[in-house]
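Residue strings, one per chain:
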Amino acid sequence: MSSVPDSRNFAPTPGGALPATLREMLERLFRAADSAGVLDICATAMDQLGLQGTLCWLPTEADSSSGPGRLNLAIDPQTLQMLVWEGDVVPGQEASSELAWLGRLAGIRLRQLSETGRLYESISRLALAERLQRALYAIAELAASTHNLTEMMQSLHSIVGMLMYAENFYIFLYDPAGDSVRFPYYVDTVDRKPPPPDESYPLQDMRYSLTWNLLQSAQPIMGSVEELARQLEGRFTLVGPACEHWLGVPLLRGSQAVGGIVVQSYRSDTHYTHHDRDLLNYVAQHMQTALERREAHAELERRVADRTAALRATNRVLRQQVLQRQRGERLQSALFRIAELASAPESQQNFYAAVHRVVGGLLYARNFYIALLDESGQNISFPYSVDELDTGREARPVANGATEYVLKYGKPLLADSQTFERLASTGECVEMGAKSVCWLGVPLVWDDRVMGVLAVQSYSPKHIYDARDQELLTFVSYHIANALQRKQTSESLKQAYINLERRVTERTRALALANRDLREQIAERERVERRLMYETLHDSLTGLPNRTLLLQRLGQALQAYHADPNKLFAVLFIDLDRFKVINDSVGHLIGDDLLFQAGSRIRACLKTRDLVARLGGDEFAVLLEGISDAGKAQLVAERIIAELHVPFRLGVKEIFTSASIGIALPGPHYQQPEELLRDADAAMYRAKDEGRHRAAVFDDRLRREVLSLLEMEGDLRRALSRNEFVPFYQPIVSLEDGRTVGYEALLRWRHPVRGLLAPGDFLAVAEENGSAESIDWQIFEQIASQAGTLAGAEGFVSLNVSGRHFRQSDLDDRLLNLMRTHGVNPRSLRIEVTERTLLENPAQVKRMLDNLRQHGVSIALDDFGTGYSSLSYLHQYPIETLKIDRSFITELAKANSHSVPVVRAIQVLADSLQMQVIAEGIEDDAQRQVLRHIGCRFGQGFLFAEPRPAEVWIK
């Protein structure tokens with residue numbers, strides 16, 4: 001409300017207008033910005049009105065009654081102070097009226113200012129609430145967005161900057177499992193060494209820092225450096241640049257702090273308030289929710305990716321099985337075609353061309369020929385030959401070509417140019433005709449005699465034959481040989497018909513005899529046909545059913561089991577232990593006889609309805625039908641093992657062998673007979689791993705191990721692409737004063753799930769799947785990049801090179817090129833090899849080691865004393881250092897230890913040859929003292945240091 005001033009003494013001028021001075025005063029009063037302006041304008045008005053006294057503000061709690069020299073004029077609603085007039089004398093009635101009128105005007109303006117202030121404050125609160133709401137919406141959208149973590153953190157920074165001063169901002173996350181802290185986002189205008197986002201820091205190393213205090217208290221912390229030091233009472237250590245003001249709030253999961261958000265100011269005019277603290281604390285909880293949703297989303301994506309990878313692997317296996325089955329179908333079709341050709345009324349040349357087409361459907365056979373040996377065994381003819389370069393092959397006497405090599409030894413020959421050079425250097429074989437890139441020949445055998453050769457060859461590196469092609473062509477050659485024999489029999493029969501017609505007129509009386517001969521030949525033909533059908537489903541060596549017949553019977557048994565689960569059966573996969581050793585030592589003929597007798601013994605252990613088949617080599621399989629439980633299969637397996645353990649009498653030799661058996665039982669998850677055979681094979685390998693001469697049943701644990709092996713192989717492939725393999729370095733020190741003289745590089749795998757793995761956890765799998773060499777070269781690259789810094793001017797870094805690398809003839813050149821690429825001084829690098837490496841290819845290994853030594857690379861013999869310990873190594877090879885194996889060092893400090901004289905002998909030997917000796921595996925000071933007494937100067941082990949990454953030793 002407003003009051004109208006009393007105008008008795010302020011009558012308007014003629015025309016109804018107020019005096020100009022009064023109008024100007026009123027306009028100034030209603031433009032006043034605050035209570036001080038109101039007081040100044042009222043004081044000016046008093047002067048213009050001729051009123052004596054002074055104006056001042058007094059609190060309302062003071063004595064508010066108007067005294068003789070005091071008059072209360074107005075109250076300021078904002079500050080709750082009272083505008084008071086004070087004078088030396090009591091004002092008269094007219095002066096009192098004018099002061100009251102002036103007070104009413106001042107009160108009106110003060111109430112207007114109060115109302116305007118309240119409106120501005122409401123608008124400010126609404127604006128802040130709107131910004132906060134927009135910030136929360138933005139945080140919620142970030143949680144569901146597809147941005148990566150860095151982009152998400154940048155967006156969170158921008159959101160906080162909308163609410164307060166956040167030029168310097170960082171987020172840290174706490175990992176309870178590792179008791180470490182990571183800074184995924186860090187922006188600071190002063191700190192020149194921000195922490196990397198992917199590096200974790202132990203929380204104990206940050207003790208009493210502001211980050212540590214924030215995690216420990218799980219409460220917001222705010223203040224300047226001096227205020228924080230007072231608040232934390234001796235539990236405060238400044239880390240990083242000193243700021244003007246610091247504000248941090250925790251990220252909470254329940255009541256546990258799992259991280260924090262921090263803003264800080266380096267400006268003296270910018271401090272944070274309690275309102276900023278509450279606002280940031282409120283926003284932090286929403287940020288924590290967004291981060292947890294993001295982590296849950298990332299975890300879900302990772303699981304989906306793992307599942308997808310597993311499905312891909314399964315699909316890959318299924319495709320391989322389908323391809324294998326398709327190859328089997330093609331092979332079966334080819335065999336049927338060969339059988340048809342043998343009985344088809346085709347000419348001999350058409351028959352050979354048809355055989356060529358059949359072989360061409362199985363493998364590359366653009367260059368193909370058939371060679372046959374005559375009855376005398378002195379000449380070779382080529383009834384069929386198709387070749388890009390050799391247009392014609394004339395018959396020739398037996399010489400020493402590749403064809404004669406196959407005829408002579410009766411075994412396949414898969415050769416390239418290097419193989420031919422090696423055979424030519426020994427005088428066993430020379431390559432005749434055009435030089436091929438790859439040549440494959442297999443014998444044609446009938447009636448236990450090698451009567452010819454089936455050969456294919458390639459003149460292009462695009463087509464290279466392998467062992468699988470050799471096995472396939474060898475298998476097909478048996479049937480082609482049978483077909484050739486039948487074809488020759490047929491030709492003989494035709495010739496007999498011609499001779500019969502020619503001699504009819506001459507030997508009429510011998511017609512009955514000729515007819516009898518004809519019937520015998522027809523019977524022979526029928527017998528050959530039956531034999532061909534029999535051999536298609538049976539093994540030619542043992543007469544047992546082959547894999548094809550086994551899978552047919554196994555499929556029938558599996559189908560019956562699915563129809564009635566009570567019709568239980570079992571599959572036994574049998575492998576003769578050490579058969580290769582027997583075969584190589586006494587010859588293939590005795591080995592074949594052993595396989596024949598082994599098949600007979602297995603057959604004798606079974607019932608009539610059970611099936612035993614030879615799968616190939618020394619592998620047999622048994623189908624047991626009509627069993628009641630797994631125990632019956634175990635009993636049969638033990639009976640077979642006991643029977644095969646009895647010595648075999650082969651000619652004048654007595655051969656001992658044993659068997660390892662894998663057992664697989666049907667289940668609802670088996671759909672194909674090959675799956676049962678596969679799992680029985682896996683169980684057989686488990687029996688071999690457990691010591692051989694035993695049986696093992698395939699169970700869920702074995703299935704999990706197989707899947708785990710597949711998973712490990714997949715992890716190894718991914719680890720190579722992600723560079724997860726790193727070198728760790730163990731110092732080699734002087735035993736006299738503990739001074740580090742060098743480092744040995746050791747392989748480690750930083751597995752993203754299983755943590756840090758030593759080579760023993762994965763190297764065997766890597767060697768089996770062929771990734772071990774790639775892992776080694778990845779480690780060699782890292783060692784070469786770090787060796788210069790680690791070795792310094794006089795030190796060295798030693799790396800272990802396994803024997804498989806020395807099979808490559810250019811290993812020394814690759815290592816030297818690697819050193820040149822990384823600028824490594826060869827004298828600062830040392831190569832460690834084992835005695836087994838020196839045995840595998842002595843001439844090649846010596847050449848490469850000599851080359852490395854000539855370029856300045858030192859050579860060390862690792863694990864000396866545990867192998868053959870041949871003294872010939874020490875003068876044949878450029879060895880400068882002997883490393884004594886830890887097995888000798890462990891026993892040194894024990895009383896009456898036999899290791900002491902052995903180590904002393906090695907030291908004396910090395911001293912006489914002017915070689916350096918390094919003792920491995922030193923774990924206590926007693927061992928060190930014994931070694932010093934012996935005269936050993938250098939060593940390594942946990943007594944001095946454990947293997948650590950390069951950055952640890954560089955620091």
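Notes on the structure in this doc start here. (Residues numbered from 1 in each chain as written. Predicted model: local features only at pLDDT ≥ 70, side-chain atom pairs only at ≥ 80, totals over all residues. Heavy atoms only, no water.)

## What to know about the overall build of the protein chain
Along the protein chain, the regular secondary structure elements total 28 helices and 32 strands. At 49 Å, the protein chain has a C-alpha radius of gyration far larger than the 30 Å of a compact globule built from 955 residues. Each of the three principal axes of the protein chain carries a C-alpha extent, and together these read 180 × 80 × 65 Å. Put simply, the protein chain has 955 residues, and 44% of those count as buried. Here the contacts in the protein chain between residues at least 6 apart in sequence split such that 64% fall between residues at least 24 apart. One finds the centroid of the 105 positive side-chain charges in the protein chain at a distance of 7 Å from the centroid of its 123 negative side-chain charges. (Helix = DSSP H or I, 4+ residues; strand = E, 2+ residues; numbered from the N terminus. Rg over C-alpha atoms; globule rule 2.2 N^0.38 Å. Buried < 20%, exposed > 50% of the residue type's maximum accessible area, 1.4 Å probe, protein only. Contact = heavy atoms within 4.5 Å. Lys, Arg positive; Asp, Glu negative; His and termini not counted. Charge placed at Lys NZ, Arg CZ, Asp CG, Glu CD.)

## What about the environment of K408?
By the secondary structure assignment, K408 is in helix α9 (residues 402–409). When the C-alpha atoms of K408 and W212 are compared, they prove to be 83 Å apart, with 196 residues separating the residues in sequence.

## A look at the sheet that holds strand β11 (residues 379–386)
Ordered in space as β12-β11-β10-β15-β14-β13, the 6 strands form an open sheet in which the pairing is antiparallel. The open sheet terminates on both sides in strands that have one partner only, identified here as β12 (396–397) and β13 (413–416). In this sheet, β12 lies alongside β11 in antiparallel orientation, the contact comprising 2 bridges. The residue bridging N379 from the neighbouring strand is P397, located in β12. The strands that helix α8 (residues 348–360) touches are β10 (367–373), β11 and β15 (449–458); relative to β11, the one it contacts most, it runs at about 65 degrees. Against the sheet, helix α10 (residues 417–426) contacts β13 and β14 (438–446), and its axis sits at roughly 105 degrees relative to β13. (Pairing = 2+ DSSP bridges. Axes fitted to C-alpha atoms, helices over the stretch in contact; angles between N-to-C directions.)

## Quick notes on the environment of S734
Within the secondary structure, S734 is located in strand β23 (residues 725–734). When the C-alpha positions of S734 and Q495 are compared, they lie 92 Å apart, and in sequence the two are 239 residues distant. Setting aside residues no more than four positions away along its own chain, S734 makes contact with R739, V741, R937 and F938. At 3.2 Å, the side chain of S734 forms a polar contact with the side chain of D737. (Polar contact = N/O pair within 3.5 Å; in protein donor to acceptor, adjacent residues only side chain to side chain.)

## A closer look at the pattern of salt bridges
Evaluation of the coordinates by the stated rule reveals 30 salt bridges. The partner of E529 in a salt bridge is R525, with the nearest N and O atoms 3.9 Å apart. Of this pair, E529 and R525 both sit in helix α12 (residues 511–536), separated by 4 residues, roughly a single helical turn. With relative accessibility at 36%, the residue R525 sits in the partly exposed group. For R853, the salt bridge goes to E880, with nearest N and O atoms at 2.3 Å. One end of the pair, R853, is in helix α23 (residues 842–854); the other, E880, is in the loop between α24 (872–876) and β29 (881–884), with 27 residues separating them in the sequence. A network of salt bridges, in which partner residues are shared, links E744, E832, K883 and E920. (Salt bridge = Lys/Arg side-chain N within 4 Å of Asp/Glu carboxyl O.)

## Regarding the packing of aromatic side chains
In total, this model carries 20 aromatic pairs according to the counting rule given. Ring geometry for Y170 and Y186: centres 5.0 Å apart, planes at 25 degrees, overall stacked. On the criterion of sequence distance, the pair formed by Y170 in strand β4 (residues 168–175) and Y186 in strand β5 (residues 180–187) is long-range, its members being 16 residues apart. Ring centres of F183 and Y186 lie 6.2 Å apart, and the angle between their planes is 85 degrees; on these two criteria the pair is classed as edge-to-face. Across the pair, Y186 and F183 agree in class, each one buried. Taken together, the aromatic side chains of Y170, F172, F183, Y186 and Y201 make up a single cluster linked through ring pairs. The cationic tip of R814 hangs over the ring face of W777; the distance from NZ or CZ to the ring centre is 3.9 Å. Over the aromatic face of F796 sits the side chain of R830, whose NZ or CZ is 3.8 Å from the ring centroid. (Phe/Tyr/Trp six-rings, centres within 6.5 Å; stacked < 30°, edge-to-face > 60°. Lys NZ or Arg CZ within 6 Å of the ring centre and 35° of its normal.)

## Notes on the pairing of strand β28 (residues 858–864)
Within β28, 6 of the 7 residues are buried, which leaves it mostly tucked inside the rest of the structure. Both strand β27 (residues 829–833) and β28 contribute to a ladder of 4 bridges, which runs parallel. Residue pairing for β28: I831 is matched across the bridge by I859. Pairing geometry for β28 and β29, over 3 bridges, is parallel. Counterpart to F864 in the pairing with β29 is I884.

## Quick notes on helix α16 (residues 630–645)
When the terminal C-alpha atoms of α16 are compared, their 23 Å separation across 16 residues agrees well with the 22 Å that a helix rising 1.5 Å per residue should span. Of the surrounding elements, those touching the buried residues of α16 are β16 (569–577), α15 (588–604), β18 (619–625), β19 (648–650), β21 (658–664) and β22 (695–697). (Expected span 1.5 Å × (residues − 1).)

## Observations concerning the packing of α8 against helix α11 (residues 467–504)
The N-to-C vectors of α8 and α11 enclose an angle of 165 degrees; their axes lie 12 Å apart at closest approach. Taken together, α8 and α11 sit at an angle that is classed as roughly antiparallel. Classified by chirality, the crossing of α11 by α8 is right-handed. Between α8 and α11, the contacting residues are Q348, F351, Y352, V355 and V359 on the first element and L473, I480, A483, L484, K487 and E491 on the second. Tallied by class, residues from the contact of α8 with α11 come to 8 nonpolar, 1 polar and 2 charged. (Parallel < 35°, antiparallel > 145°, perpendicular 65-115°, else oblique. Left-handed = near helix turned anticlockwise from the far one by under 90°. Nonpolar A, V, L, I, M, F, W, Y, C, P; charged D, E, K, R; others polar.)

## With respect to the sheet that holds strand β2 (residues 70–76)
Strand order across the open sheet formed by 3 strands is β1-β3-β2, with antiparallel pairing between neighbours. Only two strands of the sheet have a single neighbouring strand rather than two, namely β1 (54–59) and β2. Taken pair by pair, the neighbouring strands of this sheet meet at an average axis angle of 30 degrees, ignoring direction. Summarising the sheet, β1 and strand β3 (residues 81–86) pair through 6 bridges and their orientation is antiparallel. Residue T54 lies in a different strand from β3, and its bridge partner there is E86. Running at roughly 150 degrees to β1, helix α2 (residues 35–49) makes contact with β1, β2 and β3 of the sheet.

## Topic: α15
Owing to its 3.6 residues per turn, the α-helix aligns residues three or four sequence positions apart on the same side. With 17 residues, α15 ought to run about 24 Å at 1.5 Å a step, and its terminal C-alpha atoms sit 24 Å apart, in line with that. Taken together, the buried positions of α15 are occupied by G591, L594, L595, A598, G599, R601 and I602. Taken around the axis of α15, the buried residues stretch over an arc of 165 degrees, which confines them to a single face. In α15, the exposed positions that point more than 90 degrees away from the buried face belong to L589 and A604. (Arc of directions from axis to C-beta.)

## Some words on the pairing of β16
Extensive coverage of β16 is indicated by the burial of 9 of its 9 residues. The alternating pattern of β16 places F569, V571, F573, D575 and D577 and A570, L572, I574 and L576 on opposite faces, both of which are buried. As judged from the 7 bridges shared by β16 and β18, these two strands associate in the antiparallel manner. Across the sheet, F573 pairs through a bridge with A621, a residue of β18. One ladder, built from 7 bridges, connects β16 with β21; its direction is antiparallel.

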